[in-house]
Amino acid sequence: LCFHLLRLILLIIMGQNKNINSNKEETNSLKKAMVFLCCLLLLTACTSPVGGTAFFDHIDALEKGLDEPDWEEISIQAKKLKKMYEKDKWKFQLIGDEGEYEELYKSINNLLATVKEKDTLSTRMEIANTRSLLEDLYSL
């Protein structure tokens, strides 16, 4: 979406430059203004999270599974979440600082421990903590 908006704006700029028959200063100032507006548009229009849908969907499924707990299935899902984290750890390293992604790793491990103990309340709290850490990582 952002790419298409930028492309449209650039086409408008190029079309306007053909119709302007004034001096070079006006043309340059118009170009600068349009570039500024393009940057402003990109920064304000593209505020959606950069990813993480799979993680959030997985956490939602874990949380729904706690309504009528099947601890075997919840344990399998929690282990899958840890595997997802390990697979995508390099992405977390790019988008967050070391403290953020290490805290997420600890939270996932705590989640595994609470599932092993079959503690519904602690598991819900750890799921909420994991979700919060993911939201922090994926917000720019």
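Data block above holds the structure.
First, a word on what this report is: a plain description of the structure on this page. It should be emphasised that the depicted structure is a prediction, and the values quoted were computed from it without experimental measurement. (Residues numbered from 1 in each chain as written. Predicted model: local features only at pLDDT ≥ 70, side-chain atom pairs only at ≥ 80, totals over all residues. Heavy atoms only, no water.)

1. Looking at the packing of aromatic side chains
Then comes step 1: Scanning the entire structure with this criterion turns up five aromatic pairs.
Then comes step 2: Ring geometry for Phe92 and Tyr138: centres 5.8 Å apart, planes at 65 degrees, overall edge-to-face. With Phe92 in helix H5 (residues 89-95) and Tyr138 in helix H7 (residues 120-138), the pair connects residues that are 46 residues apart, well separated along the chain.
Then comes step 3: One aromatic cluster is present, formed by Phe55, Phe56, Tyr85, Phe92, Tyr105 and Tyr138 through successive ring pairs. (Phe/Tyr/Trp six-rings, centres within 6.5 Å; stacked < 30°, edge-to-face > 60°. Helix = DSSP H or I, 4+ residues; strand = E, 2+ residues; numbered from the N terminus.)

2. Quick word on the packing of helix H3 (residues 53-65) against H7
Then comes step 1: Running from N to C, H3 and H7 cross one another at 165 degrees; their axes reach a closest spacing of 10 Å. It follows from the interaxial angle that H3 and H7 lie roughly antiparallel. Our pair here, H3 against H7, has a crossing hand that is left-handed. Where H3 abuts H7, its residues Phe55, Phe56, Ile59, Asp60, Leu62 and Glu63 lie against Arg124, Ile127, Thr130, Arg131, Leu134, Glu135 and Tyr138.
Then comes step 2: Here the residues of the contact of H3 with H7 sort into seven nonpolar, one polar and five charged. (Axes fitted to C-alpha atoms, helices over the stretch in contact; angles between N-to-C directions. Parallel < 35°, antiparallel > 145°, perpendicular 65-115°, else oblique. Left-handed = near helix turned anticlockwise from the far one by under 90°. Contact = heavy atoms within 4.5 Å. Nonpolar A, V, L, I, M, F, W, Y, C, P; charged D, E, K, R; others polar.)

3. A look at the pattern of salt bridges
Then comes step 1: What the rule picks out here adds up to five salt bridges.
Then comes step 2: A salt bridge links Arg131 to Asp60, with the nearest nitrogen and oxygen atoms 2.5 Å apart. In this pair, Arg131 sits in helix H7 while Asp60 sits in helix H3, placing the two residues 71 residues apart along the sequence.
Then comes step 3: In this structure, Lys89 engages Glu102 in a salt bridge whose closest nitrogen and oxygen atoms are separated by 3.9 Å. Of this pair, Lys89 sits in helix H5 while Glu102 sits in helix H6 (residues 98-116), and the two are 13 residues apart along the sequence.
Then comes step 4: Classification of Lys89 by relative accessible area gives partly exposed; the value is 29%.
Then comes step 5: When salt bridges with common partners are traced through the structure, they connect Asp60, Glu63 and Arg131 into a single cluster. (Salt bridge = Lys/Arg side-chain N within 4 Å of Asp/Glu carboxyl O. Buried < 20%, exposed > 50% of the residue type's maximum accessible area, 1.4 Å probe, protein only.)

4. A look at helix H4 (residues 71-87)
Then comes step 1: If you check H4, its first and last C-alpha atoms are 24 Å apart, about what 17 residues at 1.5 Å a residue would give, namely 24 Å.
Then comes step 2: For H4, the full list of buried residues reads Trp71, Ile74, Ser75, Gln77, Ala78, Leu81, Met84 and Tyr85.
Then comes step 3: Those residues of H4 hidden inside the fold are in contact with H3, H5, H6 and H7. (Expected span 1.5 Å × (residues − 1).)

5. So, the nonpolar core
Then comes step 1: Grouped together as the largest cluster of nonpolar side chains are 23 residues, with contacts concentrated most on Phe55, Leu81, Tyr85, Phe92, Leu104 and Leu134.
Then comes step 2: Within the residue set of this core, elements represented by two or more residues are H3, H4, H6 and H7.
Then comes step 3: Contacts of Phe92, omitting those with residues within four sequence positions, involve Phe55, Tyr85, Tyr101, Leu104, Leu134, Leu137 and Tyr138. (Core = buried A, V, L, I, M, F, W, Y, C linked by side-chain atoms within 4.5 Å.)

6. Points about a positive patch on the surface
Then comes step 1: On the surface, a cluster of positive charge is contributed by Lys79, Lys80, Lys83 and Lys116.
Then comes step 2: The element contributing the most residues to the positive patch is H4, with three residues.
Then comes step 3: Along the chain, Lys116 turns up in helix H6.
Then comes step 4: Looking at Lys116, the relative accessible area reads 69%, which means it is exposed. (Patch = residues over 30% accessible without salt bridge, like charges linked within 9 Å, V, L, I, M, F, W, Y side chains within 5 Å. Areas by Shrake-Rupley, 256 points an atom, 1.4 Å probe, with all protein chains shown as cover. Lys, Arg positive; Asp, Glu negative; His and termini not counted. Charge placed at Lys NZ, Arg CZ, Asp CG, Glu CD.)

By themselves, these figures tell us nothing about what the structure is for.
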